[in-house]
Every structure is written in C-alpha cells, then in structure tokens.
Amino acid sequence: MICACENIYVRFLFYREGELKPMDAEQLRECAHKMVDFIADYYKNIENFPVLSQVQPGYLRELLPDSAPSRPEPLQDVLDDVQEKIFPGVTHWQSPEYFAYFPSNSSVAGFLGEMLSAGINMVGFSWITSPAATELEMIVLDWLAKALKLPDEFLSTGQGGGVIQGTASEAVLVVLLAARDKVLRRVGRDAIGKLVVYSSDQTHSALQKACKIGGIHPENCRVLKTDSSTEYALSPELLSEAISQDVASGSIPFFLCATVGTTSSTAVDPLPALGKIANSNGLWFHVDAAYAGSACICLEFRHYIDGVEEADSFNMNAHKWFLTNFDCSALWVKERSALIQSLSTNPEFLKNKASQDNMVVDYKDWQIPLGRRFRSLKLWMVLRLYGLENLRAYIRNHIELARKFEELIKLDQRFEVVAPRNFSLVCFRLLPTQNDVECANRLNRKLLDAVNSTGELFISHTVLSDKYVLRFAVGAPLTEERHVVAAWKMIQEKASALLMNS
Ligand SMILES: Cc1ncc(COP(=O)(O)O)c(C=O)c1O
C-alpha cells in the first residue's frame, strides 16, 4: 500500500488541471518503473499462487463495478485490484509448476522486446510504415532459419523468406490459402469442391479451422489414422493409398500438413517419405513444428526435421519454447509469390513508391490482417541477449528433466509411459487394477482432477488409442529438477489415495 499523498500524486500524473495527458515521458517513467517492480515481484512470488486458477465461472463480475469510472483512478488502486481480484483468476503459465499443454515462455529478453515494441507502437504493414520493422523481421528470420539449418530456399535472399505470424493457426491458414489459389489458378476456380487436404488424426485442429475458412469441404479433408504401431506418426503408405484413390475418383489432392512434435504426444511424421509423395503428386507440403521446432537448433535433435528440404513451408512457435513472449510464430515459405498472390491487396490509400517499384517486402501481403506489431524485436532480443549456445542448453535441460520424470514413472509399477518421449513431453497413465479401458480412463480422469485441484501443479491430458492419458510437459523457464521431483511425488500421493478408495 502507498500513502494518501502518493495516491494523489499518481492521480495527478494522469489528469492535470482538467486535461488528460495520455502520453507524457516523465509520467511513463514513473508509472512504468512501478509496473516493472510489480511484475518483478510477481515473478519472485509466482510459486505462492495456485498454478491453475481455482475460481468459478463468472467470479469477476461480482468483484468489479458495472460500468467504467467517469473520473481517473490511481494506478496503485488498479494494481491492488490486480493483486486481489485478477490474480486469483490467472493460471500462471510461467510458474515452475506449470506442466500442462505446451509451454508458453516468457523471459527477460522477450519481455524487454515486448516492452520496446509496445513503446514504439508502430503498425508495420508496409515497408514504408516502418522500414526497420520489415527489415529486422527478414534478418532475424534468416538468422533463425540458419540456426535450424533450413534449406537456403527459405531465406529472404532467394524466392522465399520468413514472416512472423501471431500463431501456428494463422501460419497454416495462410499457406493453405496460398496452396489453394495456386492449384486453382491451374485447374480453374470452379474446381474448389474437388480439392483435397491430407493430414493425420494427430494433426492440430488448427488445420481443420484453416480448411473451414479456406472453403475446403470437411468431406475433402483426409484425416489419416495413426496408432501405436507407428508411434502415432503418419504412415506414408496410407498417404499414398489415399492420394491414389482420390486421383482415381477425380479429386484434386493439393495440400499435406505433417507435424514434427504432435500436440498429443510429440509424434514425428516421417518428413522425407511424406515430402517425396507430396512433391511427386504436386501437393503443397507444410511442416508444423510449432512446439518441437525449437529443439531443432540443437545438433542432436536436428534430425527430427530431416526432410524439411521437401517442404514448401515450415512453422515453429518461438513463443512456445524459445523464450520469446507470446505472440511470435515463425513461418518460412520457399515461394513467397504464392503467399502474395493470395493475400495481396493494393488500395489507393496504401500505395507508395517503394512498394510500387517492387523494391521492398510488404508483410501485409503475407498475413490475414493489415496491421502488424514490431514482433521481431522480441526474437532479436532473445537471440542477442542469450545467444544460440545458451538457448541450446536451455532446451537440453528441459529435455533432460523430462527424461528424469520418465525414469521416475518407470520405477513405479502402477504407472506406464504410453508413448515415446521425443522431446520434453511425457505421456503416461495410472494402470487400472482390472484390465478395463473405461475403468482406466475414469481413474486417470480422477487423478488429473485430484492433482490439478491442489493448485500445486498443472498437467493436462489427451486420448491415445482410446486411452485417457496424462501429459507432463516440461518447458516453463523457472522449472528446476526439484519441481519435477515434487510434482511426481504429488502425483504418486494422489494415485495412492485413489487406488485405496477404488
Ligand atoms: C503442433 C501444434 N500445431 C499448432 C498449434 C496451434 O498453436 P497456435 O496457438 O500458435 O495457433 C499447436 C498448439 O499447441 C501445436 O501444438
């Protein structure tokens, strides 16, 4: 709490002599310092919060007024409300006890980049609107492409290049649109009903959404089945068969989405074989490595994206496991003209000499919205302030922690590891006392609820081959071995209690 005179001072900062001063350098300095202190304290105390918010739906409406204030309020009052009313409804993704879904990293470097981007607050849709924003994005994505050893065709120096999308969902949407329009230019736009998309049943639902938006009929989406025999990876034989059947029936195969590190179990689709099939059948080949792409900056994990040479587009989320604050999804394409032909518009009010002379990249033509933030600052900060060697060590540490967690599971006969651990995700379940799938699923659902309702850790689940499976994803920047060991102890305790009562 601060004293009343400070309260008056902070109120005065925002509202002086009846005049609103929305941007004042000294006011910014004062308030932003206060905010940084607040956020630094948040990180210091993050372990004291329940990692998974325990509030009930609608909790906030009871705590906040019905309408906006007509007079300015002190910043401290707002921060007090954040502490008392907002934080209870926050799930703390940066908590070291966060092991759910996939990570969404924050870091000092990412935070500073985000802050700078908010500070500059430009809208860089065309090169002219802020040349540095476009050029830094091109350079930083070339750096990252080189760190991942992507083929040179993905670099901005050739016909391709990288672009920062908000999310992997936007990435797959824009490349699907590019691929759709490319094939329709060849076969005629009336053929849209014949276009077919291929993926596995492990592909992220972002592809399904992209198909809905892109006008691809659900019955033209071939969702090829996977199982434990291929470790949940897409089978090239199944793909070939499906394509042959579609061609024979007069359909037009045009898009394949493969995944490196599927969301459920981090399965890795065999890119070399799939890519060859895609290329020989004229399909656009997109590789979604939203989570696992980060690991491929390490030489020992780079082999997971062998075959990316065959791809037309490749995507990884730097905001997942690469210390870059949300949002920052890196997408590379080999043929940028395909994206531009699909997404470019050129209204009079945006015309300018640099664009008209074709001298520059205008990223508005590589994405859905017009406006775009200076997101490359975050990635640039991360790469510069940490350096690739530290980033590799960071990834390796999480993978090692996940390996230790897996070892702990294997020492307890009551549990089983359900899918191979390729990166930092462990899929496991508690075995039922009788061999009954439904009973096992109920037991694991109860275990998940029991663990998550403590607020002491947060894990999530999936279903693999009809089995309800628990997912333990290491990847929060503050997670250490002691957190992993404590998490396992808590899971074991809850399992013991459940088994005793079942
Ligand atoms: C493999 C994969 N692809 C796509 C996505 C969607 O990510 P986004 O939220 O960036 O759209 C996810 C999310 O976890 C994912 O794991």
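- Identification of the chain as Aromatic-L-amino-acid/L-histidine decarboxylase from Handroanthus impetiginosus is taken from an unreviewed UniProt entry.
- The Cofactor (unreviewed entry) comment attached to the chain in UniProt states, word for word, "pyridoxal 5'-phosphate".

1. Comments concerning the overall build of the chain
(1) Moving on: Along its length, the chain carries 15 helices and 13 strands.
(2) Moving on: For the chain, the C-alpha radius of gyration of 25 Å lies close to 23 Å, the compact-globule estimate for 502 residues.
(3) Moving on: If you line up the chain on its principal axes, its C-alpha atoms span 80 × 75 × 45 Å.
(4) Moving on: In the chain, which comprises 502 residues, the share counted as buried stands at 42%.

2. A word on the packing of helix α13 (residues 376–410) against helix α15 (residues 481–501)
(1) Moving on: Look at α13 against α15: their axes get within 10 Å of each other, and the N-to-C directions meet at 25°. When the interaxial angle is binned, α13 and α15 end up roughly parallel. Of the two possible hands of crossing, α13 and α15 adopt the one that is right-handed. Here Leu-401, Lys-404, Phe-405 and Leu-408 of α13 come into contact with α15, specifically with Glu-481, Val-484 and Trp-488.
(2) Moving on: Tallied by class, residues from the contact of α13 with α15 come to 5 nonpolar, no polar and 2 charged.

3. Quick look at the sheet that holds strand β10 (residues 415–417)
(1) Moving on: Reading across from one edge, β10-β11-β13-β12 is the order of the 4 strands in this open sheet, with antiparallel pairing throughout. Of all strands in the sheet, those with a lone pairing partner are β10 and β12 (460–464), marking the two edges. On average, each strand axis in the sheet is tilted by 40° relative to the strand beside it, whichever way the strands run.
(2) Moving on: Strand direction decides the pairing type here: β12 and strand β13 (residues 467–473), joined by 5 bridges, are antiparallel. Pairing of Ser-460 across the sheet is with Arg-471, part of β13.
(3) Moving on: In the packing of α13 onto the sheet, contacts are made with β10, β11 (425–430) and β13, and the angle to β11 comes to roughly 15°.

4. Comments concerning unusual backbone geometry
(1) Moving on: Asp-327 follows Phe-326 through a cis peptide bond whose omega is 10°.
(2) Moving on: Residues other than glycine seldom take positive phi values, yet Tyr-232 does so here, at roughly 65°.
(3) Moving on: Phi angles above zero are rare outside glycine, and Asn-358 is one such case at about 60°.
(4) Moving on: Relative to the assigned elements, Asn-358 resides in the loop between α12 (353–356) and α13.

5. What to know about the site of the ligand
(1) Moving on: Taken together, the neighbourhood of the ligand is formed by 15 residues, with Thr-167, Ala-168, Ser-169, His-204 and Ala-290 sitting nearest.
(2) Moving on: Its residues placed into classes, the shell around the ligand shows 5 nonpolar, 9 polar and 1 charged.

6. Looking at the environment of Ser-240
(1) Moving on: One can find Ser-240 in helix α8 (residues 236–248).
(2) Moving on: Between the C-alpha atoms of Ser-240 and Leu-274, which are 34 residues apart in sequence, the distance is 8.8 Å.

7. Quick notes on the nonpolar core
(1) Moving on: Counting 131 residues, the largest nonpolar core has Phe-99, Val-172 and Phe-255 as the members making the most contacts within it.
(2) Moving on: Residue contacts for Phe-255: discarding those within four places in its chain leaves Leu-176, Ala-179, Val-197, Tyr-198, Leu-283, Trp-284 and His-286.

8. Side note on helix α14 (residues 437–452)
(1) Moving on: Look at α14: 23 Å from first C-alpha to last across 16 residues, which is about the 22 Å you get at 1.5 Å a residue.
(2) Moving on: When we look at burial in α14, the residues that qualify are Leu-443, Asn-444, Leu-447, Leu-448, Val-451 and Asn-452. Down the axis of α14, the sector holding all buried residues measures 155°, keeping them to one side. Turned more than 90 degrees off the buried face of α14, the exposed positions are Glu-438 and Asp-449.
(3) Moving on: If you follow the buried residues of α14, they end up packed against β11, β12, β13 and α15.

Criteria and thresholds
Residues numbered from 1 in each chain as written. Predicted model: local features only at pLDDT ≥ 70, side-chain atom pairs only at ≥ 80, totals over all residues. UniProt positions renumbered as here; feature names shortened; annotations may be inferred. Helix = DSSP H or I, 4+ residues; strand = E, 2+ residues; numbered from the N terminus. Rg over C-alpha atoms; globule rule 2.2 N^0.38 Å. Buried ≥ 20, exposed ≤ 12 C-beta atoms within 10 Å, placed from the backbone. Axes fitted to C-alpha atoms, helices over the stretch in contact; angles between N-to-C directions. Parallel < 35°, antiparallel > 145°, perpendicular 65-115°, else oblique. Left-handed = near helix turned anticlockwise from the far one by under 90°. Contact = placed C-beta atoms within 7 Å. Nonpolar A, V, L, I, M, F, W, Y, C, P; charged D, E, K, R; others polar. Pairing = 2+ DSSP bridges. Near = placed C-beta within 6 Å. Core = buried A, V, L, I, M, F, W, Y, C linked by C-beta atoms within 7 Å. Expected span 1.5 Å × (residues − 1). Arc of directions from axis to C-beta.

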